[in-house]
Amino acid sequence: KVYWVEHAIEVVRKSVELPLITTMASSPPKTLKDLFAVPPSMTRTKWDPTAHLIKEETCRGCFEPLQKLRKKCGRCRLAYYCSRDCQEEDYPSHKEFCLEYKELETAMLKEENKLRSGGHFRPENIGHFWGLLNSRDYCRARYALAEHILHEAHSDEHQRMYELGLSHFWELMRLIHSDNMGIRDQFAFILLTLNRDEDAYNFLKWWVTIDPDGTYDWGDVPDSNEGDWLWLQNQDRFEDFMQYVDEPKYVNLNFLTAVVLIKLRIVCQFVRVREQMKMLRQFFATTFASNEADVVKDTVQLYAIGGNDAFVGDVIKTQRRYAKLYLSQLLKNNEVLVKSLVNPGPLRKIGYPDSYSRGSPEEAFLVMNRCCRLFARTPGAREMVEQMVGKKPTYNTAQLSPYAYR
């Protein structure tokens, strides 16, 4: 019985990696194997933030998993194939990305070699690249390459491509500590796509707390290497994010949208924990005497999630409340964005804008374009928005304000 309890604790600890049980079995499982394997009689609906991503290397031609690397595109070195036949068959589809990737990579490496030969990558320059006028062409070239990779990642939903594009953005923000290129607006959404919610929250909190006086003085970048995490760590993503925002009406729309998603994903995780605990209680009730069952259940809950049913319920209630409050603030700051999350059609018609102003449809388009898949794949997100704006809201996509950011 001690082993059973330990095993149950481990299962609940890992519940954030388990599917969400939406329909309980007609009768409780009889063995631990039945409980944790979950027999076919139980209907399960997966909620895995990365379920849509291609995580293992697959052949771009036939999409079968690669047992071993057989062929790689010689130009871009990013497309893998199981045979020459698959590579030749896929080339018409791969060609456009491949040629442009090679062109952008060559341009970036050319600019990088210029800077390295001129000593621009000295430690005292790291973090201040935008102030070195000769370095801006390199920064723009690397940004263009990252955008091209992420466009392909968004199309194919391949985890490795998202991580590669993220690594370029990551390094650009190390070189340009003040992020003059606006990478921060996309960064958290990429982290959320990769199920790195804690990193996303640490990053967002850093940005809203680093400059409370509005002096735009971020200080020097600590000694670091490419790939080092430069922002906050181990922050509490369960806390109220808005306590760190001085003027809610001026909060970065991308940041607040990302925090709404973080809160809703916490709710999903704890709903899954609650459902898993229901199954554990069913099992304990049929395995132990009634007094033993309560002790075992309480022990599992305490050690696995740090609390009892009331604790789990409070987390779900609090995080939903935060999500609703932040959505209400988004509705005040940009009504079009919130309405487009359930009715994106009219906004998509305006096309990708060259500029935007605060609160404009153009700003809404940019944010919606970055977060719409994440919202669609987060259980309960659409329903929460619909409660605020209805199932088919209408909105005005008027022309650009003359006071646009370019």
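Use the structure listed above.
What you are looking at is a predicted structure, and each value in this text was computed from that prediction instead of being measured. (Residues numbered from 1 in each chain as written. Predicted model: local features only at pLDDT ≥ 70, side-chain atom pairs only at ≥ 80, totals over all residues. Heavy atoms only, no water.)

> Requested: an account of unusual backbone geometry, with residues and values cited.
We note that Arg 77 has phi near 65°; this positive angle belongs to a residue other than glycine. With respect to the secondary-structure elements, Arg 77 resides in the loop between β3 (71-72) and β4 (80-81). Using a relative accessible area of 37% as the deciding quantity, one classes Arg 77 as partly exposed. Even without being glycine, Asn 234 reaches a positive phi, approximately 55°. Look at Asn 234 and you get exposed, because its relative accessible area is 65%. (Helix = DSSP H or I, 4+ residues; strand = E, 2+ residues; numbered from the N terminus. Buried < 20%, exposed > 50% of the residue type's maximum accessible area, 1.4 Å probe, protein only.)

> Tell me about helix α5 (residues 159-175), residues and numbers included.
For α5, spanning 17 residues, the distance from its first C-alpha to its last is 25 Å, which sits close to the expected 24 Å at 1.5 Å a residue. Where burial is concerned, most of α5 is hidden: 12 out of the 17 residues are buried. Residues of α5 that are buried: Met 161, Tyr 162, Gly 165, Leu 166, His 168, Phe 169, Trp 170, Glu 171, Leu 172, Met 173, Arg 174 and Leu 175. Tucked inside the fold, the buried residues of α5 contact α3 (84-117), α4 (136-156), α6 (184-193), α7 (197-209) and α13 (361-376). (Expected span 1.5 Å × (residues − 1). Contact = heavy atoms within 4.5 Å.)

> Can you lay out the side chain of Glu 171 for me, pointing to particular residues and giving the numbers?
The topology assignment puts Glu 171 in helix α5. There is a polar contact of 2.9 Å between the side chain of Glu 171 and the side chain of Arg 174. (Polar contact = N/O pair within 3.5 Å; in protein donor to acceptor, adjacent residues only side chain to side chain.)

> Give me the state of the cysteines: which residues, what numbers.
Counted by the stated rule, this structure contains zero disulfides. The thiol of Cys 73 is not disulfide-bonded; the next cysteine sulfur, from Cys 98, is found 3.5 Å away. Its relative accessible area of 6% is what places Cys 73 among the buried residues. In this structure Cys 371 is not part of a disulfide, and its nearest cysteine sulfur, from Cys 372, lies 6.3 Å away. (Disulfide = S-S within 2.5 Å.)

> Mind laying out helix α14 (residues 381-389), listing which residues take part and the relevant values?
Three- or four-residue spacings in an α-helix give side chains the same orientation, since the helix completes a turn every 3.6 residues. Residues of α14 that are buried: Ala 381, Met 384, Val 385, Glu 386 and Val 389. Two residues or fewer past α14, Gly 390 is found with a positive phi of approximately 90°.

> Report on the environment of Leu 191, specifying residues and quantitative values.
With respect to the helices and strands, Leu 191 occurs in helix α6. Residue classification places Leu 191 among the buried residues on the basis of a relative accessible area of 0%. Distance in space between the C-alpha atoms of Leu 191 and Phe 203 is 9.7 Å, their sequence separation being 12 residues. Those residues in contact with Leu 191, other than ones at most four positions away along the chain, are Leu 166, Arg 196, Asp 199, Ala 200 and Trp 229.

> Give a detailed account of the environment of Val 273, specifying residues and quantitative values.
Within the secondary structure layout, Val 273 lies in helix α8 (residues 253-287). Overall, Val 273 belongs to the buried group, its relative accessible area being 4%.

> Please give an account of the packing of aromatic side chains that cites residues and values.
Two measures describe an aromatic ring pair: the distance that separates the ring centres and the angle between the ring planes. According to the stated counting rule, one finds 17 aromatic pairs in the structure shown. Seen in terms of ring centroids, Tyr 143 and Phe 169 are 5.3 Å apart; in terms of plane orientation they differ by 35°. Their pairing is tilted. With Tyr 143 in helix α4 and Phe 169 in helix α5, this residue pair connects regions lying 26 residues apart in the sequence. Overall, Tyr 143 belongs to the buried group, its relative accessible area being 18%. Each ring, one from Trp 229 and one from Trp 231, has its centre 4.8 Å from the other, and the planes form 80°; the classification is edge-to-face. Accessibility classification places Trp 229 together with Trp 231 in one group, the buried group. Three or more aromatic residues link up through ring pairs in this structure, and these residues are Trp 170, Phe 187, Phe 203, Trp 206, Trp 207, Trp 229 and Trp 231. Stacked on the ring of Phe 121, the Lys or Arg Arg 116 has its end atom at 4.0 Å from the ring centre. (Phe/Tyr/Trp six-rings, centres within 6.5 Å; stacked < 30°, edge-to-face > 60°. Lys NZ or Arg CZ within 6 Å of the ring centre and 35° of its normal.)

> Kindly report on the environment of Glu 147, identifying the contributing residues and their values.
With respect to the secondary-structure elements, Glu 147 resides in helix α4. Once residues within four sequence positions are removed from consideration, Glu 147 is found in contact with Phe 169 and Gln 186.

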